[in-house]
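Analysis of the macromolecular model
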Amino acid sequence: MPGYHPSDFEKKWQAHWLNHKTFRAANPGQPGADRPKYYVLDMFPYPSGAGLHVGHPLGYIASDIVARYKRHMGYNVLHPMGFDSFGLPAEQYAIQTGQHPENTTRDNIARYTEQLQSLGFSYDWDREVRTSNADYYRWTQWIFLQLFNSWYDLDANRARSLKELTDAFGAGGSAAVRAAGDDADRAVFTAGQWQMFTEHQRLETVAPYRLAYQTETYVNWCPALGTVLSNDEVKDGVSERGGYPVERRLMAQWMLRITAFADRLLRGLDQLDWPDAVKEMQRNWIGRSEGAEVRFALEYRPTDALTVFTTRPDTLFGVSYLAVAPEFDGLDALCTDEYRDAVAQYVYAAKNRSERDRQADVKTISGQFTGAYATHPFTGARVPVWVADYVLAGYGTGVVMAVPAHDTRDYAFARHFELPIVPVIEGYDSALNEAYTEKSGRVFNSGFLDGLEVKHAITAAIAELEKTGQGAGRINFRLRDAIFGRQRYWGEPLPIYYAADGTARGIAEKDLPLTLPEIDEYKPTQDGNPPLGRATDWKYEKNGAHFPFELSTMPGWAGSSWYYLRYMDPSNPNRFVSEEAEKYWGEVDFYLGGAEHATGHLLYSRFWYLFLKDLGLVTGEEPFRKLLNQGMILGRSSIVYRVNVMWGLGLDSIDNSIARSLFISRDFKERLVKGGMESLEGKRIIGFLEHEQVRLETEEFSEQSVELIHAIDVSTDISEIKVDVSRVDNDVLDINGIRQWRDEFNNAEFLLEPDGRFLCGAEVEKMSKSKHNVVTPDDLVEKSGADALRCYEMFLGPLEQYKPWNTSGLSGVSTFLRRFWRLFHPEDGDFALTEEAATPAELKILHGTIKKVRDDVERLSFNTVVSALMIATNELSALNCHKRAVLAPLVIVLEPYAPHLAEELWAKLGHAPGTVSTAPWPAVEEKYLVADEVTYPLAVNGKVRSEMVFAATATAPEIEEVVRASDFLAKYAEGKAAKKIIVVPGRMVNVVV
C-alpha cells in the first residue's frame with residue numbers, strides 16, 4: 001500500500017542495527033579507534049516492573065540525537081546502556097511474592113530492553129552492564145576493598161594505601177601522620193610501641209584511619225522493611241516505599257569517609273560544565289564554613305566541656321543558651337536527675353523525625369531543659385543547656401551556641417521558651433519581632449569587641465579564644481560520611497569477614513566475587529539479623545578455618561558510582577577497566593539525567609572517581625565533564641464527575657453499590673454548577689434519580705420504601721474521579737471502554753453533552769499509576785511509529801523544562817514525517833527523485849536547514865530543530881521539489897531525530913543498508929545563505945508605518961536617498977520635514993520628524 005507506514009520498516013532497521021552491530025564503539029587497537037572519541041551517557045535506569053512511560057525516553061532521545069550527530073561529525077562514539085539492577089523495590093516484591101529478586105529483575109530488564117530497542121536508540125548493546133551480575137559487582141567489591149585498605153593523608157591531600165600508613169607508624173608513631181577523620185577515636189603511640197603491638201592491636205589501631213570503616217551512627221531504621229534507609233527514601237517520617245514508620249536509631253554501620261574529599265569535591269565544581277543549580281546544590285550539601293570551635297566548660301564538671309562550631313564568633317557575647325541534638329553522645333550524663341526523665345521522653349519523641357524533616361520544619365518548636373549549665377568562655381556567666389531537635393548531630397559538633405538576636409531558629413526557640421535575647425550587632429530592632437541575621441554592622445554589648453565591624457570582630461574573637469585556650473579557628477563542612485551498609489538481601493555483599501579476634505578483615509582479591517547465597521526468605525531473621533543471616537554455612541574459609549561474613553549488603557548507589565568506567569571495557573576479566581581503554585575514553589563528554597541526583601549519585605560518583613585517581617587508576621580530573629538535566633514530562637490526568645447521592649431505606653442507609661452511579665460530562669457539570677438544580681441539567685439529574693428510585697423499590701426492595709434525601713445540594717456534592725487515560729481520546733470518554741475498566745463504571749449512568757459526547761476534565765501533574773495518567777510508548781509506537789514519538793518529545797519544548805503530555809499532539813509530527821516521505825514519493829507513489837539541478841531558492845532552504853540544525857544541536861536546542869525541519873519540508877513541498885541534490889543531504893540531517901525513516905530513504909537512494917548513521921554531515925555553503933534583498937521596516941519617530949525592499953548590498957546613504965525621494969514622508973510624516981533619517985543596516989529605517 002503506498003504512503004508513509006513506519007510499521008513497514010522500523011522493526012526491520014532495528015533488527016539490522018542489532019544484527020550488524022551498527023553502533024559498536026571501537027576501543028584502542030580496533031578499527032575506528034583512530035577517530036576522535038566522544039562519550040555520551042544516560043544516567044543508569046532502575047528497571048521497574050511497570051516498564052517505561054512516555055516521560056522516561058525524553059532524556060534518552062536527546063542523548064541519542066547527540067550520539068548520532070557526533071557520528072556524522074566523524075567521532076568514534078561510545079553510547080552504552082545498562083541497568084542499576086540491585087535495590088529495595090525488587091526485594092520487597094520478592095518478599096510479597098516469594099520470587100527470587102534475580103528472576104523479577106531479569107524479567108523487568110527484558111521488558112525495558114524491548115521498549116528501548118523499539119525506540120531506535122543507537123546503543124552499543126555489547127557493552128550492557130547490570131550491577132546485579134557477579135562479573136560486574138566483583139569489581140564493585142574490589143573498589144570497596146581498596147577503600148577499606150586506604151587512608152587519607154592531609155599533608156599530601158590524597159588517599160594512600162594502609163601500607164604507607166603503617167610504615168609511617170613504624171618510623172615515627174602516631175605523630176608521624178595527619179589523617180582525615182576524628183583524632184579523638186585514635187590512639188596515641190610511639191614508633192617503639194607500634195613495633196611491640198600484636199597483629200590484633202595493629203588492626204584495631206588502623207581501623208579509625210580507613211576510608212571504609214565501622215562505627216556507631218544514627219540511621220533511618222525502618223522496622224517494617226527491616227533495613228536502613230537513606231534520607232532520600234524517607235518522607236515525613238515514613239518510608240517512601242510502603243509508607244512505613246521510620247525511626248532514628250543508633251546502629252553499628254559501615255561508612256565511607258567522603259568527608260576527606262570535601263574540599264576537593266567543592267573546588268572541582270568550578271571546572272565543570274554543569275547547570276548552575278546542580279553545582280549550587282552540591283556546594284550547599286558540602287557546606288564549607290569558616291569559623292571557630294569554642295569550648296563551654298560544664299559548670300558541675302569543669303574539666304569537661306561542650307564544644308561548639310560557629311561561623312559567628314563575633315556574637316559570642318549574645319549567647320543565652322546552648323542546645324544539643326537529641327542524638328548527642330553523652331546526653332544522659334549531661335542531664336541532672338531532676339530532668340533526666342523529661343529529657344528521655346523528649347528524645348524518644350524526637351528521634352523518629354528524620355534530619356531532613358527537622359531541618360525543613362521551621363514552624364514546630366520543641367525542646368527540653370537538661371538541668372545543666374555551662375560557663376561562658378569570655379564572661380564566666382552561667383549558660384543553660386537545652387536539648388532541641390533543630391540541632392543536628394551530623395553537623396558541626398552536635399551542639400549550637402544560641403544567639404537569639406541574630407539567628408532565626410534561635411530567636412523562635414528563645415521566644416517560645418522565654419529565654420533572654422541579647423543583641424550584640426547594630427541593626428537589631430526588638431520592635432520587628434525577628435532576628436537580625438545580616439553579617440554586617442558594628443558590635444556592641446561585647447566587651448573587648450565593642451565598636452569593631454563584624455569581620456574584624458570575628459578575627460579578634462578567634463584570636464582571644466586561641467590565646468586563652470578556649471577555642472581555635474576552624475574550617476567545617478556540612479557533608480557527613482556516607483552510610484554504606486544496608487540490612488537487606490538484594491545488594492552487593494560486603495567482602496568482609498570477621499576473624500576469631502572479632503576484627504573486620506577484607507577477603508582476598510582472588511576470592512572475588514563474593515556472590516549472594518541462596519536463602520529461604522528475604523526478611524530479617526527472628527533475632528533481628530539482616531536477611532543474609534538466613535544463609536547456611538555462609539562463611540569464609542582461610543587456612544582451613546571458617547569465619548563469618550558481614551551480613552549487610554551495599555547500598556544501591558555503590559554499583560552506579562563507577563558504572564561509566566565499566567562501559568569502557570565491559571568484558572575485561574582482569575581489571576575493572578583496562579588502562580588503554582580508560583585513557584582513551586577518559587571523562588564522559590556528555591551526561592544526561594535528572595537533577596534529583598545532584599547530592600546523591602553525582603556526588604558519590606565524583607568521590608569514587610577522585611579516590612581512584614589518587615590510586616593512579618583513572619587519568620581524568622572528573623568523571624562527567626558536561627551535564628544536562630532533562631525536565632519532566634507531566635501527565636495529563638482525565639477526570640470524570642460523579643454526582644454523590646445518599647439513598648435511605650427507613651432509618652438505615654443501603655449499600656451504595658445497589659444504586660447505580662451517576663456521572664456527568666465536563667461542560668454539563670459547569671452548567672449545572674452555574675444554574676443549579678433548576679437548570680435543564682438539574683432536571684435531567686432529578687429525572688434519573690426518580691427513575692432509579694422506582695427501580696430500587698420494584699427490583700431490590702419491593703416491600704419497603706426507598707427514599708431520596710432531596711435536601712442534598714447535588715450541584716456542589718460532586719466528586720472528581722481520575723480515569724484511565726487510554727480510555728480517553730482528546731478529552732472524549734470511551735464509555736464502553738470505561739465500563740470494562742472497572743466495576744464501578746459497569747452499570748453507571750453517563751449524562752452526555754447535547755452532541756452525544758461525554759467530555760472529561762483534565763489536570764496536568766506527575767505521571768503516576770495511582771493517577772491513571774501513565775501513557776506507555778508501546779501503543780504510540782505501534783500507531784504512529786518510533787520516529788514520530790522521538791520527534792514529538794523533542795518538539796514539546798526546551799529539554800530542561802517541565803512539559804505536559806498530550807497524545808493528540810503527536811498527529812502533527814506524524815504529518816510532518818509523512819510530508820517528508822512524500823518529497824521522495826510524490827503523491828505517495830513509488831520512490832522517484834529527479835537529477836535536475838537545484839534552484840537558488842531550493843539551495844537556500846537546504847543550506848539554511850543544515851546550518852540551523854547543526855547550530856541548534858550543538859547548543860542542545862532540540863525542540864527548535866524539529867521546527868526547522870518542518871519548515872524546510874513545507875517550503876520544499878510548496879516548490880514541488882523532488883531533486884536528489886536537495887533531498888539526499890536532508891536525509892542525513894533528519895537521521896538523529898527520525899533514524900528509521902532516514903535509513904529507509906538512504907537505502908532507496910542507493911547506499912549500503914545501515915550506513916546513513918556514519919555519513920558525513922553535509923557541508924554548509926554560506927554563499928547560498930546571503931540574502932539578495934532585505935525588507936526594511938520604515939518608522940516615523942520609532943513607530944513602524946510601512947516597509948521597503950532594498951538590495952542587500954545597499955549602503956545607508958543609498959537607502960536614505962531612496963526614502964527621501966519616495967512618497968513615504970508625504971503619506972506618514974503629516975507633511976513635516978525629516979530632521980534626520982537613521983538607517984540600521986539590515987534592520988530598519990527610522991525617520992525623525
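Residues numbered from 1 in each chain as written. Predicted model: local features only at pLDDT ≥ 70, side-chain atom pairs only at ≥ 80, totals over all residues. Heavy atoms only, no water.

So, on to the overall build of the chain. Helices and strands together make up the secondary structure of the chain, namely 32 helices and 38 strands. Considering only C-alpha atoms, the chain reaches an extent of 95 × 90 × 85 Å along its principal axes. Residues classed as buried in the chain amount to 52% of the 993 residues present. Long-range contacts, defined as pairs at least 24 residues apart, comprise 71% of the intrachain contacts of the chain with a sequence gap of at least 6. Approximately 44400 Å² of the chain is accessible, and the part contributed by carbon and sulfur atoms is 48%. Within the chain, one finds 106 positive and 138 negative side-chain charges whose respective centroids are separated by 4 Å. (Helix = DSSP H or I, 4+ residues; strand = E, 2+ residues; numbered from the N terminus. Buried < 20%, exposed > 50% of the residue type's maximum accessible area, 1.4 Å probe, protein only. Contact = heavy atoms within 4.5 Å. Areas by Shrake-Rupley, 256 points an atom, 1.4 Å probe, with all protein chains shown as cover. Lys, Arg positive; Asp, Glu negative; His and termini not counted. Charge placed at Lys NZ, Arg CZ, Asp CG, Glu CD.)

Next up on the list: helix H5 (residues 134-148). The periodicity of an α-helix, 3.6 residues per turn, causes residues three or four places apart in sequence to face the same way. Between its first and last C-alpha, H5 extends 20 Å over 15 residues, near the 21 Å set by a 1.5 Å rise per residue. Most of H5 is tucked away: 12 of the 15 residues are buried. Of all the positions in H5, only Tyr-136, Tyr-137, Trp-139, Thr-140, Gln-141, Trp-142, Ile-143, Phe-144, Leu-145, Gln-146, Leu-147 and Phe-148 are classed as buried. (Expected span 1.5 Å × (residues − 1).)

Neighbouring strands of a sheet are bound in pairs by backbone hydrogen bonds; such pairs are parallel or else antiparallel. Strand order in this open sheet of four strands is E6-E5-E9-E17, and the pairing throughout is antiparallel. Each edge of the open sheet carries a strand with a single partner, namely strand E6 (227-229) and strand E17 (482-483). Bridge count for strand E5 (residues 212-222) against strand E9 (residues 247-256) is 10 bridges, and the pairing is antiparallel. Note that in E9 the partner of Tyr-213 across the bridge is Met-255. (Pairing = 2+ DSSP bridges.)

In terms of burial, helix H29 (residues 884-894) is largely enclosed, as nine of its 11 residues are buried. Residues of H29 that are buried: Val-886, Leu-887, Ala-888, Pro-889, Leu-890, Val-891, Ile-892, Val-893 and Leu-894. The secondary structure elements touched by the buried residues of H29 are helix H2 (57-72), helix H26 (810-824), helix H27 (840-858), helix H28 (862-878) and helix H30 (899-908).

Another point: the packing of H26 against H30. Where H26 meets H30, the closest approach of the two axes is 12 Å, and the angle between their N-to-C directions is 0°. Put simply, H26 runs roughly parallel to H30. Listed contacts from H30 to Leu-817, Phe-820, Trp-821 and Phe-824 of H26 are Leu-901, Glu-904, Leu-905 and Lys-908. Considered class by class, the residues forming the contact of H26 with H30 number six nonpolar, no polar and two charged. (Axes fitted to C-alpha atoms, helices over the stretch in contact; angles between N-to-C directions. Parallel < 35°, antiparallel > 145°, perpendicular 65-115°, else oblique. Nonpolar A, V, L, I, M, F, W, Y, C, P; charged D, E, K, R; others polar.)

This next bit is on the side chain of Gln-115. Considering the arrangement of structural elements, one finds Gln-115 in helix H4 (residues 101-118). Discounting residues that sit within four places of it in the chain, Gln-115 has contacts with Gly-51, Leu-52, Pro-777 and Asp-778.

A separate point is the nonpolar core. Core analysis: the largest hydrophobic core is formed by 93 residues, its most contacted members being Phe-144, Phe-261, Phe-484 and Trp-608. By size, the runner-up hydrophobic cluster in this structure holds 87 residues, among which are Leu-52, Leu-119, Phe-121 and Leu-810. (Core = buried A, V, L, I, M, F, W, Y, C linked by side-chain atoms within 4.5 Å.)

Moving on, we get to the sheet that holds strand E2 (residues 76-78). In space, the four strands of this open sheet follow the order E2-E1-E22-E23, with parallel pairing throughout. Two strands lie at the open edges of the sheet, namely E2 and strand E23 (627-629), each paired on one side alone. For this sheet, the mean inter-axis angle between neighbouring strands, taken without regard to orientation, is 15°. Pairing analysis gives three bridges linking strand E22 (residues 590-593) to E23, with the strands arranged parallel. Each residue of the ladder has a partner; that of Tyr-591, found in E23, is Leu-627. Contacts from H2 reach strand E1 (37-42), E2 and E22, with the element oriented near 170° to E1.

What follows deals with the packing of H26 against H29. Running from N to C, H26 and H29 point in directions that differ by 150°, and their axes come no closer than 11 Å. When the interaxial angle is binned, H26 and H29 end up roughly antiparallel. As for the relative orientation of H26 and H29, their crossing is left-handed in sense. On H29, the residues that touch Phe-816, Phe-820, Leu-823 and Phe-824 of H26 are Leu-887, Leu-890, Val-891 and Leu-894. (Left-handed = near helix turned anticlockwise from the far one by under 90°.)

This paragraph deals with the environment of Trp-194. Following the sequence through the fold, Trp-194 ends up in helix H7 (residues 191-196). Judged by its relative accessible area of 3%, Trp-194 falls in the buried class. It is 38 Å that separates the C-alpha atoms of Trp-194 and Val-577, two residues lying 383 residues apart in sequence. Every residue in contact with Trp-194, bar those within four places of it in the chain, is listed here: Thr-166, Phe-169, Gly-170, Phe-189, Arg-202, Thr-205 and Val-206.

Two measures describe an aromatic ring pair: the distance that separates the ring centres and the angle between the ring planes. Per the counting criterion, the structure on display carries 67 aromatic pairs. Centroid distance Tyr-584 to Trp-585: 4.8 Å. Interplanar angle 80°. Geometry classified as edge-to-face. Just as Tyr-584 is buried, Trp-585 falls in that class too. A connected cluster of aromatic rings, assembled from ring pairs, spans Tyr-321, Tyr-339, Phe-369, Tyr-373, Trp-386, Tyr-390, Phe-413 and Phe-417. Cation over ring: Arg-210 sits above Phe-148, and NZ or CZ is 3.8 Å from the ring centre. For Arg-382, the ring lying beneath its charged end belongs to Tyr-373, and the centroid distance is 3.8 Å. (Phe/Tyr/Trp six-rings, centres within 6.5 Å; stacked < 30°, edge-to-face > 60°. Lys NZ or Arg CZ within 6 Å of the ring centre and 35° of its normal.)

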